[in-house]
Amino acid sequence: MSLSPVRRREILQALRQGTVPSGNLDVLAVGIDKFSPTVTEDLDAVAAGGALFKAVRGEYGSGKTFFARWAAQQAMRRGLAVAEVQVSELETPLHKLETVYRRTTESLRTSAFAPSAFRSVLDAWLYGVEEDAAAAAGTPEATAEQVDALLESRLAAVATATPVYPMVLRAYRAALEQGDAATADALVAWLGGQPHVGAAAKRAAGVRQDVDHFLAMGFLQGLLAVLKGARHPGLLLVIDEVETLQRMRSDSRAKALNALRQWIDELDSGRYPGLYLLITGTPAFFDGRLGVQSLPPLAQRLHTDFTTDARFDNPRAPQIRLVGFDFDRLVEVGVRVRDVFADGSPVGDRIRTVVDDAYLASLAHAVAGKLGGKVGISPRLFLKKLVLDVLDRVEQFPDFDPRQHYALTLSSEEMTDTERQAVTADEVEL
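None of the values given here were measured: they were computed from a predicted structure.

About the criteria used
Residues numbered from 1 in each chain as written. Predicted model: local features only at pLDDT ≥ 70, side-chain atom pairs only at ≥ 80, totals over all residues. Heavy atoms only, no water. Helix = DSSP H or I, 4+ residues; strand = E, 2+ residues; numbered from the N terminus. Rg over C-alpha atoms; globule rule 2.2 N^0.38 Å. Buried < 20%, exposed > 50% of the residue type's maximum accessible area, 1.4 Å probe, protein only. Contact = heavy atoms within 4.5 Å. Areas by Shrake-Rupley, 256 points an atom, 1.4 Å probe, with all protein chains shown as cover. Lys, Arg positive; Asp, Glu negative; His and termini not counted. Charge placed at Lys NZ, Arg CZ, Asp CG, Glu CD. Phe/Tyr/Trp six-rings, centres within 6.5 Å; stacked < 30°, edge-to-face > 60°. Axes fitted to C-alpha atoms, helices over the stretch in contact; angles between N-to-C directions. Parallel < 35°, antiparallel > 145°, perpendicular 65-115°, else oblique. Nonpolar A, V, L, I, M, F, W, Y, C, P; charged D, E, K, R; others polar. Pairing = 2+ DSSP bridges. Right-handed = clockwise from strand over helix to strand, strands pointing away. Polar contact = N/O pair within 3.5 Å; in protein donor to acceptor, adjacent residues only side chain to side chain.

**Topic: the overall build of the protein chain**
Here is step 1: Broken down by element type, the protein chain carries 20 helices and 5 strands.
Here is step 2: Here the C-alpha atoms of the protein chain give a radius of gyration of 25 Å, agreeing with the 22 Å that 2.2 N^0.38 yields for 430 residues.
Here is step 3: Along the first, second and third principal axes, the C-alpha atoms of the protein chain reach 75 × 55 × 40 Å.
Here is step 4: Across the 430 residues of the protein chain, 52% fall into the buried class.
Here is step 5: Intrachain contacts of the protein chain at a sequence separation of at least 6 include 70% that bridge at least 24 residues.
Here is step 6: Approximately 19,400 Å² of the protein chain is accessible, and the part contributed by carbon and sulfur atoms is 52%.
Here is step 7: Of the charged side chains in the protein chain, 48 are positive and 56 negative, and the gap between their average positions amounts to 3 Å.

Below, the structure is given as C-alpha cells:
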C-alpha cells in the first residue's frame with residue numbers, strides 16, 4: 001500500500017505511543033482478512049438503507065479495538081459516518097440512551113470531518129435542503145417557507161416519532177439566518193444531547209426539557225436522516241468494551257443488557273435504517289453468568305456455535321471471534337511496520353538489512369518472553385519497542401546495530417494492567 005509521508009508519520013507516531021493508529025489500518029491488518037468480504041457486504045447493505053448488528057468477541061490482545069477501527073475505516077471509504085462509544089457505569093451507562101447518543105454526536109466523524117463532525121453534518125444537510133428547495137422552485141434562492149416545507153418533508157418519519165427534532169432544526173436555521181450565534185450554538189448542543197442548555201435558547205425553539213432516553217431514540221433516527229441528506233448513507237456505531245457491564249451493580253447490569261436486547265430488536269424492526277451497530281467484548285462477557293447469559297432472550301439472539309475449528313467460523317454470524325496473535329502473526333506485523341518505516345526513510349536499504357526478518361523474530365521472542373510467553377498480549381509493546389527503540393535508532397545512528405547495542409527492557413510504568421499482570425517482579429527492570 002502506498003502511503004503519503006503524513007499517513008506514514010501518523011501510523012509510526014501512534015505505535016511509538018503504544019496506541020492504535022487512526023487510519024490506514026490495512027497496513028497492519030494481519031489475521032482479519034477473512035472478515036473483509038463480509039464487512040464489505042454488511043456496509044453495502046447498510047448504505048442501501050439496511051440495519052445490522054454485529055458482536056465481536058476476543059481476549060485482551062486479540063485486536064478488538066483494532067478490528068473496530070479497521071471496520072470504521074472501511075465504512076468511511078464508502079461515505080458512511082462513524083462514531084465510537086466507550087461504555088462506562090458512571091459516564092456512559094448503556095441503558096441510558098441519552099448518554100450513548102451524546103457520546104455518539106461527540107465522537108461522530110466522517111472522511112472529511114474529524115470529531116465532532118455533528119455540526120458540520122447539520123450545516124451540510126441544511127445547505128443541501130436550501131439548494132434543493134431553490135432548484136425545485138426554479139429560483140436562485142428559495143423562500144423560508146419553501147425551505148421549511150422541504151425540511152419537514154425530509155424529516156417526516158422522524159417528526160412522527162419525535163416532533164421536536166424538526167422544530168429545533170428549524171429554530172437553528174432561523175438563528176443562523178438572524179446571525180444569532182449564541183442561540184445557534186446552544187441549539188446545536190441540545191440537538192447533540194448536551195445537558196444544561198440555556199432556557200432562552202430552548203424557548204426560542206419551543207422546547208423545555210433536556211434530551212432524555214425516549215427523545216434520544218428519536219434523535220438517533222433524526223441523526224441518520226440528516227446524515228443521509230448530507231450524503232452519508234449510514235452510520236457505523238461502535239460500542240467498545242461492553243465487558244465493563246460485568247462490573248456494574250446487578251440492577252444497572254440488568255438494565256444495560258435489556259437495553260442491548262432492545263437495540264437488536266429495533267434494528268431488526270427497521271427503526272434505524274442506515275445504522276450498523278458493532279459491539280466488542282471478551283468471551284467472559286458473552287459466555288459468563290454476569291454477562292449475556294444472565295438475560296436468556298439476549299443470549300438467544302447472540303448465540304453462535306464456536307465448538308468447531310476457528311478456521312471455519314462463519315463471519316456472517318451475529319457474533320464473530322478474533323483469535324489472539326500467534327508468533328507467526330506477530331512477526332508478520334513486525335515485517336509490515338519495518339517496511340512502512342523503511343519506505344519513508346532515506347536509509348531504507350540499511351534498515352531492511354540491519355532489522356531483517358530474523359532479528360524481528362528474535363525481538364518478538366524477547367517481548368513475549370518478558371510477558372510470560374503470552375504472545376496474545378505482546379503486539380502493543382512489541383511494535384512500540386520496534387519503532388521507538390530499534391528502527392528510530394537505526395535510522396539516526398549509522399553505527400547502531402540492535403544485535404550489539406540494544407537489550408530489551410520493560411518498565412511497569414509503560415505497561416497496561418493486563419501486561420503487568422503477566423509479568424513477575426523479577427522479570428521487569430523497574
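**A look at unusual backbone geometry**
Here is step 1: The omega angle of the peptide bond from Pro-115 to Ser-116 is -10 degrees, so this bond is cis rather than trans.
Here is step 2: Structurally, Ser-116 can be placed in the loop between helix H4 (97-107) and helix H5 (118-137).
Here is step 3: Its identity as a non-glycine residue notwithstanding, His-196 has a phi of 65 degrees, on the positive side.
Here is step 4: As for its placement among the helices and strands, His-196 is situated in the loop between helix H9 (181-191) and helix H10 (199-205).
Here is step 5: For Arg-231, which is not glycine, the phi torsion reads 70 degrees and is therefore positive.
Here is step 6: Locating Arg-231 in the fold gives a position in the loop between helix H11 (213-229) and strand S3 (235-240).
Here is step 7: We classify Arg-231 as exposed; its relative accessible area is 68%.

**Considerations on the packing of aromatic side chains**
Here is step 1: This structure, assessed with the given rule, holds 6 aromatic pairs.
Here is step 2: Look at Phe-67 and Trp-70: their rings are 5.6 Å apart centre to centre, the planes differ by 50 degrees, and that puts the pair in the tilted class. With Phe-67 and Trp-70 both in helix H3 (residues 64-77) and 3 residues apart, this pair spans about one turn of that helix.
Here is step 3: Judged by its relative accessible area of 4%, Trp-70 is buried.
Here is step 4: Here the aromatic rings of Trp-190 and Phe-219 are separated by 5.4 Å at their centres, their planes lie at 70 degrees, and the arrangement is edge-to-face. A residue pair is termed long-range when its members are at least 10 positions apart, and Trp-190 in helix H9 and Phe-219 in helix H11 qualify at 29 residues. In this structure, Trp-190 and Phe-219 share a single accessibility class: buried.
Here is step 5: An aromatic cluster is defined as three or more aromatic residues linked by ring pairs; in this entry it consists of Tyr-101, Tyr-165, Trp-190 and Phe-219.

**Some points on the packing of H5 against H9**
Here is step 1: Axis separation between H5 and H9 bottoms out at 10 Å; the angle between their running directions is 105 degrees. Here H5 lies roughly perpendicular to H9, going by the angle between them. In this structure, H5 contributes Phe-118, Arg-119 and Leu-122 to the contact, and H9 contributes Ala-184, Asp-185, Val-188 and Leu-191.
Here is step 2: By residue class, the composition of the contact of H5 with H9 is 5 nonpolar, no polar and 2 charged.

**Overview of the pairing of S3**
Here is step 1: Among the 6 residues of S3, 6 are classified as buried, and the element is accordingly described as predominantly covered.
Here is step 2: Both faces of S3 are covered, namely the face carrying Leu-235, Leu-237 and Ile-239 and the face carrying Leu-236, Val-238 and Asp-240.
Here is step 3: The sheet contact formed by strand S2 (residues 81-86) and S3 spans 6 bridges and is parallel. Bridge pairing in S3 links Val-85 to Ile-239.
Here is step 4: As judged from the 5 bridges shared by S3 and strand S4 (residues 275-281), these two strands associate in the parallel manner. The partner of Leu-236 across the bridge, within S4, is Tyr-276.
Here is step 5: You can see the chain leave S3, run along helix H12 (residues 250-269) and come back into S4, and the turn it takes is right-handed.

**Some remarks on the side chain of Asp-389**
Here is step 1: Checked against the element boundaries, Asp-389 lands in helix H18 (residues 379-396).
Here is step 2: Within polar-contact distance, the side chain of Asp-389 engages the side chain of Tyr-406 at 3.1 Å.
Here is step 3: Ignoring sequence-local partners within four residues, the contact set of Asp-389 consists of Lys-384, Phe-400 and Tyr-406.

**Notes on the sheet that holds strand S1 (residues 52-57)**
Here is step 1: The parallel open sheet is built from 5 strands, whose spatial order is S2-S3-S4-S1-S5. Among the strands making up the open sheet, the edge pair consists of S2 and strand S5 (319-321). Across the sheet, the mean angle separating the axes of adjacent strands is 20 degrees when strand polarity is ignored.
Here is step 2: Relative to S4, S1 runs parallel, the two sharing 6 bridges. Pairing of Arg-57 across the sheet is with Gly-281, part of S4.

These figures come from the coordinates and say nothing about function on their own.
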